[in-house]
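Coordinates in review
This is what each chain is made of:
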Amino acid sequence: MTDEELQQLVASNARTIQAMLEQQETTRLRYEEQMDEFRQGMLRLARVEEGLINMMVSIDEDRPTVLRRLASIENKVDRILAKDNGIG
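Residues numbered from 1 in each chain as written. Predicted model: local features only at pLDDT ≥ 70, side-chain atom pairs only at ≥ 80, totals over all residues. Heavy atoms only, no water.

**Remarks on the overall build of the protein**
Short version of the rule: Secondary structure counts use DSSP, requiring at least four H or I residues in a row for a helix and at least two E residues in a row for a strand, with both numbered from the N terminus. With C-alpha atoms as the basis for the radius of gyration, the globule rule is written as 2.2 Å multiplied by the number of residues raised to the power 0.38. Working definition: with a 1.4 Å probe on protein chains only, accessible area under 20% of the residue-type maximum means buried, over 50% means exposed, and in between means partly exposed. Residue burial considers only the protein chains on display, and all accessible areas are found by Shrake-Rupley using a 1.4 Å probe. Under the convention used here, Asp and Glu are negative, Lys and Arg are positive, and both His and the chain ends fall outside the count. Just so you know, the charge point we use is NZ for Lys, CZ for Arg, CG for Asp and CD for Glu.
Looking only at helices and strands, the protein has 2 helices and 0 strands in total. In terms of C-alpha radius of gyration, the protein reaches 36 Å, well past the compact-globule figure of 12 Å for 88 residues. Each of the three principal axes of the protein carries a C-alpha extent, and together these read 120 × 25 × 5 Å. Classification of the 88 residues of the protein by burial places 0% in the buried group. Here the protein displays about 8,300 Å² of accessible surface, and carbon together with sulfur accounts for 59% of that area. Of the charged side chains in the protein, 12 are positive and 17 negative, and the gap between their average positions amounts to 16 Å.

This is the structure:
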């Protein structure tokens, strides 16, 4: 291999390495952008979930839930049945 061929090979390798480093940096930046978008999405989801939880707590505090209302009705029916059985 001549001196000139060796220099060309070294230059070619240097260009290849530089291109690989640039591609790696581009990939890293793209990954960071995607992670930022993911984090922002997760924060938005957390805020939505928090809002839903607050809404459910508010509904639960303001009005009886369906299950509590059904339990109340069931207790009343049980009392009426017990009363009717005691009379009969």
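On we go from here.
**Points about the pattern of salt bridges**
So the rule is basically this: Here, a salt bridge means any side-chain nitrogen of Lys or Arg that lies within 4 Å of a carboxyl oxygen of Asp or Glu.
Scanning the entire structure with this criterion turns up 3 salt bridges. Across the salt bridge formed by Glu 32 and Arg 28, the nearest N and O atoms sit 2.4 Å from each other. Taken together, the residues span about one helical turn, with Glu 32 and Arg 28 both in helix 1 (residues 3–62) at a distance of 4 residues. Residue classification places Arg 28 among the partly exposed residues on the basis of a relative accessible area of 37%. For Asp 36, the salt bridge is made with Arg 39, and the minimal N-O distance between the two is 3.2 Å. With Asp 36 and Arg 39 both in helix 1 and 3 residues apart, the pair spans about one turn of that helix. Through salt bridges with shared partners, a single ionic network connects Glu 25, Arg 28 and Glu 32.

**Re the environment of Asp 36**
Given the relative accessible area of 39%, Asp 36 is considered partly exposed. Placed 20 residues apart in sequence, Asp 36 and Thr 16 show a C-alpha to C-alpha distance of 30 Å.

**Re a nonpolar patch on the surface**
Operational definition: Exposure above 30% relative accessible area and the absence of a salt bridge qualify a residue for a patch, where like charges join within 9 Å and nonpolar side chains (Val, Leu, Ile, Met, Phe, Trp, Tyr) within 5 Å.
A cluster of nonpolar side chains, contributed by Val 66, Leu 67, Leu 70, Ile 73, Val 77 and Leu 81, occupies part of the molecular surface with about 580 Å² of accessible area. Tracing the chain through its elements places Ile 73 in helix 2 (residues 66–87).

The values reported here are purely geometric and, on their own, carry no functional implication.
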